[in-house]
Amino acid sequence: MNTMTRERLYLFDTTLRDGQQTPGVDFSVADKIAVAKMLDELGIDYVEGGYPGANPTDTEFFAEKRTKNASFVGFGMTKRAGVSAANDPGLAALHQSATDAICYVAKSWDYHVKVALGITNAENLEGIEESVKATVETGREAMVDCEHFFDGYKANPEFALACAKTALDAGARWVVLCDTNGGTQPDEVREIVARVISAGVPGDRLGIHAHDDTGQAVANSLAAVDAGARQIQGTLNGIGERCGNANLTALIPTLALKSYYSERFETGIDAEQLHGLTRLSLRFDELLNRVPDAQMPYVGASAFATKAGIHASAILKDPATYEHVEPETVGNRRRVMISDQGGKSNFINELARMGIEVAKDDPALDRLISIVKERESQGWAYEAAEASFELLARRTLGRVSDFFKVDSYRTQVERRFNARGELITMSEAVVKVEIDGERLLSVAEGNGPVNALDEALRKDLGKYQETIEDLELVDFKVRILNGGTEAITRVLIDSADGSGNRWATVGVSPNIIDASFQALTDSIRYKLMKAGL
């Protein structure tokens, strides 16, 4: 198809408003400014920033425009019944904010109008009409989120359609159909959107806002596009209340890379911006202090990962055998995972990616494979700990030193009452290491024995101390591999440094402290190795 005939799809991000409903997510003003900048640079058309006047954070955030290219959108309720638009304080706060557009939420299910609002259907329609007109008069773009539209349409199609048509006739640029409870199925979405268009609301004025309560928010969004809607609302990494919203990091590459959509539609995101999608997704999770979802489509660490040997062998011949798109198009990369299911192809490919060249008939390669398979039978897992695998590989191949030798370590935990009569727990660690024949001893206290060991180990590493100053432990996971108090424990540690590099290491032992110490020492050695020492 001639690309000049493609229709424009508009992307609306509600991360900073609907996404803030996610349990544990609470954006500061600085956070909102950072996220708005990310979205603006990505090429999103609309960035909804929150609810001006609802709280101090949003009021400060909307004191000035926070985007350069994207339309900066404020969110609010339509005017209250019995109050004119000119005298409604909510509308006043919206119109006093530095916005390009206002998105109103309006009930479109008569059940909610009666039960939640306690007003008549006519008053609800009046609120939609007068609010939209008031915004249009200020020179801003107005849009209406028709809340619970699909459930409302199934219960009372005439009223739901009246809400949509009232918004359109009052001058709304977009009428957004919301699957607020997230239970509508894709075929239902497709059929209802088509009916709305047939009833007189043009598709190029319709949007879709889907929640993921049945795991189908992306599918429902695409179904709406198939039926004629031309705006899609969603959030970064699919965050949102309950099960989340439509995931823009999955929708965007699908629209751009799947010919079924890319030959018919275009968005404001070009190939270069798409290439930065994986990094943006990771940056966003880092800002929220969340562990990234490894299995997230397109941008997850496992999105292009292969574990089984026969699959890896085929990928080495032609990646298209097991990849639906090239990972580089979204800034991701191919991973051939190292495990007890992997053959030589896995190992050779992964070693090459790490810059380690090894011949297929090298005895050291066979030795490495044997070590990995034996260790994984004992509970080690290198799929999620690439730094530990690289260290093991380089040691086995004789291409890296250990940098330092740990002679011994000791931890103790004391639980006692302090001078104020408060029950406290203190942990102390002693670590003895040897570097180039010099023996060093460090003692440190910490918030638990693992933290104390970490502090002691990094307190004095002699000539290496300056190199590890910016090293930080950012995540710590423990898994019990079998039952009982004598169980084997696997510890995974994520570390980072001041340059933004992040890596994972693993330790396994019947002793959780020992497993943690193994992962800690691997983390430090990996940092030293990457520093070229």
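For the structure itself, consult the block above.
Note that the structure is predicted; figures quoted are calculated from it, not measured.

Overview of helix 13 (residues 277-288)
Here's step 1: The terminal C-alpha atoms of helix 13 lie 17 Å apart, and with 12 residues this matches the ideal 16 Å at 1.5 Å per residue to within 8%.
Here's step 2: Here helix 13 has its buried residues at Leu-277, Thr-278, Leu-280, Ser-281, Phe-284, Asp-285 and Leu-288. For helix 13, the arc enclosing every buried residue in end-on projection is 165°, short of the 170-degree limit, so these residues lie on one face.
Here's step 3: Buried positions along helix 13 lie against helix 1 (29-42), helix 10 (248-257) and helix 12 (271-275).
Here's step 4: Of the residues trailing helix 13, Asn-289 is marked for its positive phi of about 60°.

Description of the environment of Val-406
Here's step 1: As for its placement among the helices and strands, Val-406 is situated in strand 13 (residues 405-417).
Here's step 2: For the pair Val-406 and Arg-66, spaced 340 residues apart in the sequence, the C-alpha separation amounts to 52 Å.
Here's step 3: If sequence neighbours within four positions are ignored, Val-406 has contacts with Lys-432, Val-433, Phe-517 and Thr-521.

Focus on the packing of helix 17 (residues 386-396) against helix 19 (residues 512-530)
Here's step 1: Two numbers describe how helix 17 lies on helix 19: the axes approach to 9 Å, and their chain directions differ by 70°. On the basis of the axis angle, helix 17 is roughly perpendicular to helix 19. In the packing of helix 17 onto helix 19, the handedness of the crossing is left-handed. Contacts between helix 17 and helix 19 pair Ala-387, Ser-388, Glu-390, Leu-391, Arg-394 and Arg-395 from the former with Asp-522, Arg-525, Tyr-526, Met-529 and Lys-530 from the latter.
Here's step 2: Residues of the contact of helix 17 with helix 19, tallied by class, amount to four nonpolar, one polar and six charged.

With respect to the environment of Thr-99
Here's step 1: Following the sequence through the fold, Thr-99 ends up in the loop between helix 3 (89-96) and strand 5 (101-107).
Here's step 2: Note: C-alpha distance between Thr-99 and Ser-71 (28 residues apart in sequence) is 7.8 Å.
Here's step 3: If near-sequence neighbours (up to four positions away) are discounted, Thr-99 is found in contact with Phe-62, Phe-72, Val-73, Gly-74, Leu-94 and Arg-140.
Here's step 4: A polar atom in the side chain of Thr-99 sits 2.9 Å from the side chain of Arg-140.

Some thoughts on the layout of surface pockets
Here's step 1: Quantified by volume, the largest pocket comes out at close to 1500 Å³.
Here's step 2: Taken together, 42 residues make up the lining of the largest pocket; nearest its centre are Leu-282, Ala-301, Arg-333, Arg-502 and Trp-503.
Here's step 3: Listed by contribution, the elements that provide at least two residues to the lining of the largest pocket are helix 13, helix 17, strand 16 (472-480), strand 17 (489-496) and strand 18 (502-509).
Here's step 4: Residue composition of the lining of the largest pocket, by class: 18 nonpolar, eight polar and 16 charged.
Here's step 5: Put simply, the second largest pocket is a space of about 580 Å³.
Here's step 6: The wall of the second largest pocket is formed by 32 residues, among which Phe-75, Met-77, Val-105, Ala-106 and Glu-147 lie closest to the centre.
Here's step 7: Breaking the lining of the second largest pocket down by element, the ones donating at least two residues are strand 4 (71-77), strand 5, helix 5 (121-137) and strand 6 (141-147).

Details of the packing of aromatic side chains
Here's step 1: Using the criterion set out here, one finds 17 aromatic pairs in the structure.
Here's step 2: Every member of this aromatic cluster is reached through a ring pair, and the members are Phe-347, Trp-380, Tyr-382 and Phe-389.
Here's step 3: Above the face of the Tyr-10 ring, Arg-8 is positioned so that its terminal group lies 4.6 Å from the ring centre.
Here's step 4: Positioned above the aromatic ring of Tyr-260 is the side chain of Arg-264, whose terminal nitrogen or guanidinium carbon lies 4.3 Å from the ring centre.

Focus on the pairing of strand 3 (residues 46-50)
Here's step 1: For strand 3, the buried fraction is high: five of the five residues fall into the buried class.
Here's step 2: Sheet topology note: the strand 2 (residues 10-13)/strand 3 ladder contains two bridges and is parallel. Its bridge partner being in strand 3, Asp-13 is matched across the sheet by Val-47.
Here's step 3: The β-α-β motif built from strand 2, the intervening helix 1 and the parallel element strand 3 has right-handed crossover chirality.
Here's step 4: Examined bridge by bridge, strand 3 and strand 4 share four bridges and lie parallel to one another. Residue pairing across strands places Tyr-46 opposite Ser-71, the latter belonging to strand 4.
Here's step 5: As for the winding sense of the linkage, the β-α-β connection from strand 3 through helix 2 (residues 56-61) to strand 4 is right-handed.

Scoring rules and cut-offs
Residues numbered from 1 in each chain as written. Predicted model: local features only at pLDDT ≥ 70, side-chain atom pairs only at ≥ 80, totals over all residues. Heavy atoms only, no water. Helix = DSSP H or I, 4+ residues; strand = E, 2+ residues; numbered from the N terminus. Expected span 1.5 Å × (residues − 1). Buried < 20%, exposed > 50% of the residue type's maximum accessible area, 1.4 Å probe, protein only. Arc of directions from axis to C-beta. Contact = heavy atoms within 4.5 Å. Axes fitted to C-alpha atoms, helices over the stretch in contact; angles between N-to-C directions. Parallel < 35°, antiparallel > 145°, perpendicular 65-115°, else oblique. Left-handed = near helix turned anticlockwise from the far one by under 90°. Nonpolar A, V, L, I, M, F, W, Y, C, P; charged D, E, K, R; others polar. Polar contact = N/O pair within 3.5 Å; in protein donor to acceptor, adjacent residues only side chain to side chain. 1 Å grid on protein atoms, 1.4 Å probe; cavity = no way out; pocket = protein on both sides within 12 Å on 5 of 7 lines; lining within 4 Å. Points joined across faces, edges and corners; volume = space filled by probe spheres on them. Phe/Tyr/Trp six-rings, centres within 6.5 Å; stacked < 30°, edge-to-face > 60°. Lys NZ or Arg CZ within 6 Å of the ring centre and 35° of its normal. Pairing = 2+ DSSP bridges. Right-handed = clockwise from strand over helix to strand, strands pointing away.

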